[in-house]
Amino acid sequence: MTSPSLLDAARSRPVLADGAMGTQLQEAGLAAGACGELWNVERPDRVAAIHRAYLEAGAELILTNTFGGSRLALARHGLAERAAELNRAGAEVAVGAVGAVGAVGAVEVRGPAPQAWVLGDIGPFGGLLAPLGETEPDEAQAAFEEQAAALLAGGAHGILVETMTALDELRCAVRGARRAGAKLVVASVAFDATRVGFRTMMGETPDQAVAAMLEEGADVVGANCGSRLDMAAYADLARRFRALVPDGIVWIKANAGTPRLEIANARVVYDGTPANLAAGVPALVDAGASIVGGCCGTTPAHIRAFARALGR
Ligand SMILES: [Zn+2]
């Protein structure tokens with residue numbers, strides 16, 4: 001299914017991933033605070049349109065619309081019991097979008113099948129693990145395993161564990177994905193640029209994060225959706241990751257700056273323009289990032305600009 005494999009491709013050239021899903025769903029009419037994963041079943045046309053826009057912009061890898069799709073995260077919307085259904089549907093919508101773009105998308109011209117890879121997206125469950133919180137690690141791991149199994153059943157090529165701000169939770173998610181039978185697992189952490197360097201919300205360092213990822217068997221190590229991180233900071237992070245895994249694959253999905261609340265319009269805006277972010281892409285790749293894409297606030301226009309920056 002993954003032939004040529006994503007890992008082989010990423011070893012030979014930079015692989016371009018897609019941009020944000022959540023902020024694009026809001027642009028498409030998803031109400032603030034509503035459950036985006038529900039659209040995999042209720043508005044699959046709108047989710048597919050976002051996937052297609054990224055593929056046509058040049059993305060070779062897209063993520064399913066399942067960031068908050070674990071039963072623990074869905075419980076906030078009263079949808080815990082629909083976790084398997086919503087994740088499977090999310091994978092099917094993404095796989096369908098890849099098939100539909102096929103020959104007309106920018107991805108087609110770059111060679112043999114598959115036209116694009118689909119990774120099943122797993123985000124944080126939205127709380128803290130015991131002893132800091134009330135959720136036991138076993139419960140979280142089981143929820144992530146259930147989510148990963150549904151994503152794989154829907155046709156995802158592998159699993160992405162992303163935006164993790166606590167390494168104990170990251171471990172549960174990677175382990176859950178492995179137990180679900182994922183052949184490819186990407187692990188990505190959200191760092192904050194602090195006075196003492198890059199840190200997770202729990203104060204963990206990039207070195208600790210990579211050690212945890214490798215210990216749990218992640219195939220790709222990465223960072224996404226940080227706070228106070230511009231493209232130069234992402235390049236610094238990529239360089240550190242690359243030093244820790246000289247022969248590995250480093251994943252960077254950069255958010256379009258730090259979100260800012262525009263009081264007059266009561267909306268969250270991102271200041272990172274396609275041109276601004278794309279200007280940092282060559283340095284990001286030079287620093288060691290093998291798979292690059294955008295996170296919150298990025299759009300198909302950003303990914304098109306990234307493609308151009310990669311000479312495509
Ligand atoms: Zn993000």
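Refer to the structure above for everything that follows.
A quick note: this is a predicted structure, and the numbers were derived from the prediction, not measured. (Residues numbered from 1 in each chain as written. Predicted model: local features only at pLDDT ≥ 70, side-chain atom pairs only at ≥ 80, totals over all residues. Heavy atoms only, no water.)

Trainee: How should I be thinking about the overall build of the protein chain in this particular structure?
Mentor: Along the backbone of the protein chain there are 13 helices and 12 strands. Over its C-alpha trace the protein chain gives a radius of gyration of 18 Å, about what one expects of a compact globule, namely 20 Å for 312 residues. Based on the C-alpha atoms only, the size of the protein chain along its principal axes is roughly 50 × 50 × 45 Å. Residues counted as buried form 55% of the 312 residues belonging to the protein chain. Put simply, 77% of the contacts in the protein chain that link residues at least 6 apart link residues at least 24 apart. (Helix = DSSP H or I, 4+ residues; strand = E, 2+ residues; numbered from the N terminus. Rg over C-alpha atoms; globule rule 2.2 N^0.38 Å. Buried < 20%, exposed > 50% of the residue type's maximum accessible area, 1.4 Å probe, protein only. Contact = heavy atoms within 4.5 Å.)

Trainee: What is the right way to read a nonpolar patch on the surface from this model?
Mentor: Residues L128, L132, M201 and M202 make up a contiguous nonpolar surface patch of about 400 Å² in total accessible area. Looking at where M201 falls in the secondary structure, it is placed in the loop between β7 (197-199) and α9 (206-215). Classification of M201 by relative accessible area gives exposed; the value is 55%. (Patch = residues over 30% accessible without salt bridge, like charges linked within 9 Å, V, L, I, M, F, W, Y side chains within 5 Å. Areas by Shrake-Rupley, 256 points an atom, 1.4 Å probe, with all protein chains shown as cover. Salt bridge = Lys/Arg side-chain N within 4 Å of Asp/Glu carboxyl O.)

Trainee: What exactly am I supposed to notice about the pairing of strand β5 (residues 185-189) here?
Mentor: Each regular strand carries side chains that alternate between the two faces of the sheet. Across the 5 residues of β5, 5 count as buried, placing the element largely inside the fold. With burial as the criterion, each face of β5 is covered, one bearing V185, A187 and V189 and the other bearing V186 and S188. Note that strand β4 (residues 158-164) and β5 share 4 bridges and pair parallel. Each bridged residue has a counterpart across the sheet, and for I159 the counterpart in β5 is V185. Since β4 and β5 lie parallel, the crossover through helix α8 (residues 167-179) that links them has a hand, and here it is right-handed. Relative to strand β8 (residues 220-224), β5 is paired through 4 bridges, and the arrangement is parallel. Bridge pairing in β8 links S188 to G222. (Pairing = 2+ DSSP bridges. Right-handed = clockwise from strand over helix to strand, strands pointing away.)

Trainee: Explain the packing of α9 against helix α10 (residues 231-244) to me, please; I cannot follow it from the model alone.
Mentor: Two quantities define a packed helix pair, namely the angle between the helix axes and the distance between the axes. Between α9 and α10, the shortest axis-to-axis distance is 10 Å and the interhelical angle comes to 50°. In terms of axis orientation, α9 runs oblique to α10. In this structure, the crossing between α9 and α10 has a hand that is right-handed. For the pair α9 and α10, contact is made by P206, D207, V210 and M213 and by L237, R240, F241 and L244, respectively. Classifying every residue of the contact of α9 with α10 gives 6 nonpolar, no polar and 2 charged. (Axes fitted to C-alpha atoms, helices over the stretch in contact; angles between N-to-C directions. Parallel < 35°, antiparallel > 145°, perpendicular 65-115°, else oblique. Left-handed = near helix turned anticlockwise from the far one by under 90°. Nonpolar A, V, L, I, M, F, W, Y, C, P; charged D, E, K, R; others polar.)

Trainee: What is the right way to look at the layout of surface pockets in this model?
Mentor: Rolling a probe over the atoms, with the probe sized like a water molecule, indicates the empty space that remains. Of the volumes computed, that of the largest pocket is approximately 990 Å³. Lining the largest pocket are 46 residues, with G22, F67, G68, T163 and C296 positioned closest to its centre. With 4 residues, helix α2 (residues 22-27) is the single largest residue contributor to the lining of the largest pocket. Looking at the lining of the largest pocket residue by residue, the classes come out as 22 nonpolar, 17 polar and 7 charged. T23, E27, R267, V268 and Y270 are, among the 18 residues lining the second largest pocket, the residues nearest its centre. Taken together, the elements giving at least two residues each to the lining of the second largest pocket come down to α2 and β11 (267-269). Here the lining of the second largest pocket takes 4 residues from α2, the largest share from any one element. Residue composition of the lining of the second largest pocket, grouped by class: 6 nonpolar, 9 polar and 3 charged. (1 Å grid on protein atoms, 1.4 Å probe; cavity = no way out; pocket = protein on both sides within 12 Å on 5 of 7 lines; lining within 4 Å. Points joined across faces, edges and corners; volume = space filled by probe spheres on them.)

Trainee: For this particular structure, what's the right way to read the packing of aromatic side chains?
Mentor: Ring pairs (aromatic) are described by centroid distance and by the angle formed between their planes. Applying the stated rule across the entire model yields 1 aromatic pair. Between F191 and F241 the ring centres are 6.2 Å apart and the planes differ by 90°, which places this aromatic pair in the edge-to-face class. You can see F191 sitting in the loop between β5 and β6 (192-194) and its partner F241 sitting in helix α10, a full 50 residues away along the chain. Accessibility classification places F191 together with F241 in one group, the buried group. (Phe/Tyr/Trp six-rings, centres within 6.5 Å; stacked < 30°, edge-to-face > 60°.)

Trainee: Help me out: how do you make sense of the pattern of salt bridges in this one?
Mentor: When the charged atoms of two side chains with opposite charge come close together, those side chains can pair. Using the criterion set out here, one finds 18 salt bridges in the structure. The closest approach of N and O atoms between E60 and R13, which form a salt bridge, is 2.6 Å. One end of the pair, E60, is in the loop between α4 (44-57) and β2 (61-63); the other, R13, is in the loop between α1 (6-12) and β1 (15-16), with 47 residues separating them in the sequence. Accessibility expressed as a relative area gives 4% for E60, which makes it buried. Given a relative accessible area of 30%, R13 falls into the partly exposed group. A salt bridge links R175 to E216; the shortest N-O distance between them is 3.0 Å. On the criterion of sequence distance, the pair formed by R175 in helix α8 and E216 in the loop between α9 and β8 is long-range, its members being 41 residues apart. Accessibility expressed as a relative area gives 14% for E216, which makes it buried. Linked by salt bridges that have partners in common, R171, R175, E215 and E216 make up one network.

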